[in-house]
Amino acid sequence: MTAIVRRSGGNPTNAPDGGLCLALSDMGSSEATLSSAIRTETTFTVNGRRVQMELDPRESLLDVLRERLGLTGTKKGCDHGQCGACTVHLDGRRIVSCLTPAVQVNGQAVTTIEGVAAPDGTLHPLQEAFIDNDALQCGYCTPGQVMSGLACIAEGHAGDDDEIREYLSGNLCRCGAYAGILAAVRETARRTDSRVGEG
Amino acid sequence: MLRPDGTLKVTGEFAYSSDLWLDGMLWGATLRSPHPSAWIRSVDVGPALAMPGVFAVLTHEDVPGEKFYGLEHKDQPVLAIDQVRYQGEAVALVAADHPETARRAAAAIVVDYEVREAVVDARRAAFDPSCPPVHAHGNLVRHQPVRVGSTFDAPVVVTGEYEVGMQDQAFLGPESGLAVPGEDGGVDLYVATQWLHVDQDQVAPCLALPKEKVRLSLAGVGGAFGAREDLSMQIHASMLALRTGKPVKIVYGREESFFGHVHRHPARMRYEHGATADGRLVYVRAEIVLDGGAYCSSSPAVVGNAASLGVGPYEVGNVWIDAYGVYTNNPPCGAMRGFGAVQACYAYESQMDRLAEACGLSPVEVRIRNAVSQGSKLATGQIVDTPAPLADMLRELEAMPGPGEPSAARDLRSLPGGVAQTTHGEGVRRGVGYGVGIKNICFSEGFDDYSTARVRVELLGGEPHVLVHTAAAEVGQGLITIKAQIARTELGIDKVTIAPADTSVGSAGSSSASRQSYVTGGAVKATCEAVRERLDRMRAGHPELTLEELLELYGPVEETREYRHRPTTPMDPLTGQGDSHVQLALCVHRAVVDVDVELGLVKVVELAAVQDVGRILNPLALEGQIHGGTAQGLGLALMEEIQVRDGKVLNPSFTDYLIPTILDMPPMRLSILENPDPHAPYGLRGAGEPPTLSSTPAVAAAVRAATGLDLPRVPIRPEDIALVPAAG
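For clarity, every value in this text was computed on a predicted model and none was experimentally measured. (Residues numbered from 1 in each chain as written. Chains lettered and ligands numbered in written order. Predicted model: local features only at pLDDT ≥ 70, side-chain atom pairs only at ≥ 80, totals over all residues. Heavy atoms only, no water.)

Caption draft 1: View of the overall build of chain B. Of regular secondary structure, chain B possesses 17 helices and 31 strands. At 26 Å, chain B has a C-alpha radius of gyration in line with the 27 Å of a compact globule built from 728 residues. Projected onto the principal axes, the alpha-carbon positions of chain B cover approximately 80 × 70 × 60 Å. Within chain B, buried positions represent 65% of all 728 residues. Charged side chains in chain B number 62 positive and 89 negative. The centres of these two groups are separated by 1 Å. (Helix = DSSP H or I, 4+ residues; strand = E, 2+ residues; numbered from the N terminus. Rg over C-alpha atoms; globule rule 2.2 N^0.38 Å. Buried < 20%, exposed > 50% of the residue type's maximum accessible area, 1.4 Å probe, protein only. Lys, Arg positive; Asp, Glu negative; His and termini not counted. Charge placed at Lys NZ, Arg CZ, Asp CG, Glu CD.)

Caption draft 2: A look at the confidence of the model for chain B. When pLDDT is averaged along chain B, the result is 97; 99% of the residues meet or exceed 70. Among the scores for the predicted complex, ipTM is 0.97 and pTM is 0.96. (pLDDT = per-residue confidence, 0-100.)

Caption draft 3: Representation of the layout of surface pockets within the structure. Quantified by volume, the second largest pocket comes out at close to 1,300 Å³. Contributing to the lining of the second largest pocket are 50 residues, with A:K76, A:D79, B:P99, B:E100 and B:R103 lying nearest its centre. Residue assignment for the lining of the second largest pocket shows that the elements contributing at least two residues are helix 1 (61–68) of chain A together with strand 2 (26–32), helix 3 (99–108), strand 15 (248–251) and helix 7 (254–260) of chain B. Here the lining of the second largest pocket takes seven residues from helix 3 of chain B, the largest share from any one element. Of the residues assigned to the lining of the second largest pocket, the class counts are 19 nonpolar, 12 polar and 19 charged. (1 Å grid on protein atoms, 1.4 Å probe; cavity = no way out; pocket = protein on both sides within 12 Å on 5 of 7 lines; lining within 4 Å. Points joined across faces, edges and corners; volume = space filled by probe spheres on them. Nonpolar A, V, L, I, M, F, W, Y, C, P; charged D, E, K, R; others polar.)

Caption draft 4: Main features of a negative patch on the surface. Residues and elements named next belong to chain B. A surface patch of negative charge is lined by E463, E544, E548, E549 and E552. Of all the elements, helix 14 (residues 547–554) adds the most residues to the negative patch, at three residues. Here E549 is to be found in helix 14. Given a relative accessible area of 40%, E549 falls into the partly exposed group. (Patch = residues over 30% accessible without salt bridge, like charges linked within 9 Å, V, L, I, M, F, W, Y side chains within 5 Å. Areas by Shrake-Rupley, 256 points an atom, 1.4 Å probe, with all protein chains shown as cover. Salt bridge = Lys/Arg side-chain N within 4 Å of Asp/Glu carboxyl O.)

Caption draft 5: Highlighting the packing of helix 12 (residues 479–491) of chain B against helix 13 (residues 516–541) of chain B. Residue and element names in this part refer to chain B. Close contact between helix 12 and helix 13 brings their axes to 9 Å; oriented N to C, the two are set at 25 degrees. One way to sum up the angle between helix 12 and helix 13 is to call them roughly parallel. Considering the relative orientation of helix 12 and helix 13, their crossing is right-handed. Taken together, the residues of helix 13 that come into contact with helix 12 (itself represented by L479, I482, K483, I486, A487, E490 and L491) are Q516, S517, T520, G521, V524, K525, C528, E529, V531 and R532. (Axes fitted to C-alpha atoms, helices over the stretch in contact; angles between N-to-C directions. Parallel < 35°, antiparallel > 145°, perpendicular 65-115°, else oblique. Left-handed = near helix turned anticlockwise from the far one by under 90°. Contact = heavy atoms within 4.5 Å.)

Caption draft 6: Layout of the domain arrangement of chain B. Residues and elements named next belong to chain B. Domain boundaries assigned for chain B yield domain 1 (6–116 + 169–260), domain 2 (267–443 + 573–722) and domain 3 (450–564). Placing a centre on the C-alpha atoms of domain 1 and another on those of domain 3 gives a separation of 34 Å. Opposite the 16 residues of domain 1 that make contact, domain 3 presents 17 residues. Surface buried jointly by domain 1 and domain 3 totals about 1,100 Å² across both partners, of which 55% is contributed by carbon and sulfur atoms. (Domains from an automatic or database assignment. Buried area = accessible area lost by both parts, 1.4 Å probe.)

Caption draft 7: Local environment of the confidence of the model for chain A. Residue and element names in this part refer to chain A. Per-residue confidence for chain A gives a mean pLDDT of 86; residues scoring 70 or more make up 78%. This model gives residues 16–30 a pLDDT under 50, and the stretch forms 31 contacts once residues within four places in sequence are excluded. Counting interchain partners and residues more than four positions distant, the pLDDT-below-50 stretch residues 194–199 has 13 contacts.

Caption draft 8: Looking closely at empty space enclosed by the protein. Residue and element names in this part refer to chain B. By the definition in use, this model includes 10 cavities of 30 Å³ or more. Looking at the second largest cavity, its volume works out to about 200 Å³. Lining of the second largest cavity is provided by 18 residues; of these, Y69, Q76, Y86, L231 and G260 occupy positions nearest its centre. When the residues that make up the lining of the second largest cavity are grouped by side-chain class, the tally is 10 nonpolar, five polar and three charged.

Caption draft 9: Spatial organisation of the environment of B:E559. All names here are of chain B. Counting through the fold element by element, E559 comes out in strand 25 (residues 557–564). Overall, the relative accessible area of 14% leaves E559 in the buried class. Look past the residues within four positions of E559 in its chain and what remains in contact with it is A453, R454, V455, T527, A530, V531 and R534. A polar atom in the side chain of E559 sits 2.9 Å from the side chain of R561. (Polar contact = N/O pair within 3.5 Å; in protein donor to acceptor, adjacent residues only side chain to side chain.)

Have a look at this one:
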């Protein structure tokens, strides 16, 4: 059977059971590049891993994460900084990765949705709370919502519902799961010290 | 029970169609028309082909099979042939080894257009014989009359002209998919869609392939709401893959997505309601014109809904409705949550408020006096043969506690416009409004609407295990949760796996019309029952054996069943009469708004809803559906519109096409009723669409109550409130 993968592994049809997964293939970086591109050497960390790459200065951090590093958990909803689906953390602060030139993160630490759960797979309490409160439907905005929610709590902006709303208003959810998202962030903020967002 | 895909979705591991990757794959790009109407004199693909990294450039001449496709009529060319009929129509395709190269190559294709007059006025397209035809067969897609009774005068008469703007589904995960050429000359297509088999039915003839050589698998779907019912990149990616012999991925950007799918039909509606002095409806006359844009899509069915549900859930003895769907050179329109019923609902509910005012009744009372109930006859002659406790729902809604008065010391965040407010709230007025909606569930008008399920029970690691396989699209609504719940309940086996949806099992029909819990849920239930019967027979022969031992002895048990809901009939083409609907669902909303009448800004303070769902299968997912549907209705009332001028879209971005944020969506009070429908599996009633209907008129009515303005158009824009000429 043809091996079709997300670059980071997994399977294309989201089979919940290992027995149904299509085979995984080892992803190389055989991607074509644009001709006549200027290259800039860039070094940064992603989820604690050091990355050194020759980058086209026009490449967005979002495209580098998704297409060159295989971290497709970060979503492209608009590519114009309007929807928040591509939210990641840069040195602990949330940014929209689609409007961030990748060369600009040189020397900095990027955290994506793939870096939120513990290495052994234990979910972060906010991820658990998203599941428990059904804070998602299609789930496309969810990685961005989780990254934004973590930052909202870490920034100390989860004091009450109005404040949470204000500080999550950059992340669109077309399915309208806002009530669940609000509940998940509120619950997690109350459970954790408001100064400690990212475990 | 929680979503089986929840963990994948909160960790970023869930693979959406845009996340797929195959070594050596190419990227496809689409060249689209900048004109709403033009002849194509020539297409020169030479400059694109000459670019390094480009593997193929295709035009309509390269379509291997049939050149046209479509959901109801095959009137849309795979790639434009000699003319374009809307801005954004696909003209040519490119495959290249880098997405940016593909886009640049598409831009390098030289198309010589001769611009024509664009037909952009739907009423003109419907009624003016001198209007140029958008298609050779004319501009009328469907005219559906409804005719009942002959009394069209009454003591109280209210009239209105209403308009609904073009709404976009605006799912967050743009159209995308991966086509892989097969060794047998066929193609494997991994795509985000709502209905795998109807895609297969349309794709295969255009590729000149038998259906079994076009295999579709559902990739992760980033929202749908109707916009994935029509094809987008399916045929295009397959053509490029077959031509190059390489896998081809196409992912639309946000701007392209606005041109890549159909929208909700804009509507222009004229209504006249006649009633007795005490507010009982005598007659309703209506003319509903729906702009279908350049291609048919599902316009005929949208017209059918607007006509058959055009008076709403009210008893009326005399009805004269004409609903039209027309071609224009505007963007094509088709399915969106609520499908034809949304537009009419905004108009008839606006009329009910006018009637209440004319008769000196409250908005709730006038609705109660005319409400349908079980046994009522609809305008189509169909008898409501299941519970429809509309009057009780309205009473319950009215009795729900409200949000309380705004506090005197106002936080900026609580004002319309939020922290961007430039006043101290001096111009803020509060208003309350009500809305009622009725939606048909499942496909209507005689459609053979069914779903297929395959269920297998076997021993895995010594334990009994159920595998449920359907082709039904999980689009976020939570269908896989429901399927697993049903299998677990019917078979009493804890370990249940939902197989990925693909075309190796029979059709499940579309994830639309709020139908999947009913129809695919029904198919899974029926199949589990068949499996259970076989297990019971096996058990009868060996009463001493456990289930594990029986499965050990006999091997796996597998059954496949199709499930059909009760049949419907077409609408009579002259009178609209017929039992055209399977199931009807009601939802009622109350909206409380604060309006800054000087700035034209609206803040929805609270929304309350009562909905009858027959039977609750999954409370969490159900509440999510009601919240989500309500949010999209709120969006239509206040902010969402694709602005089209002279056939061109002015706002194809999320900066200019606004959808509700978490700040716009207020807290909701819900009351969910369970009056079972005896015809439906478990008595359930489809739930996803009804709240989308009633929230729009409720919000609009609340804004009217706050401002005293007519507001005959949604979305209500700030200038409609703040820039109204005085004493106009």
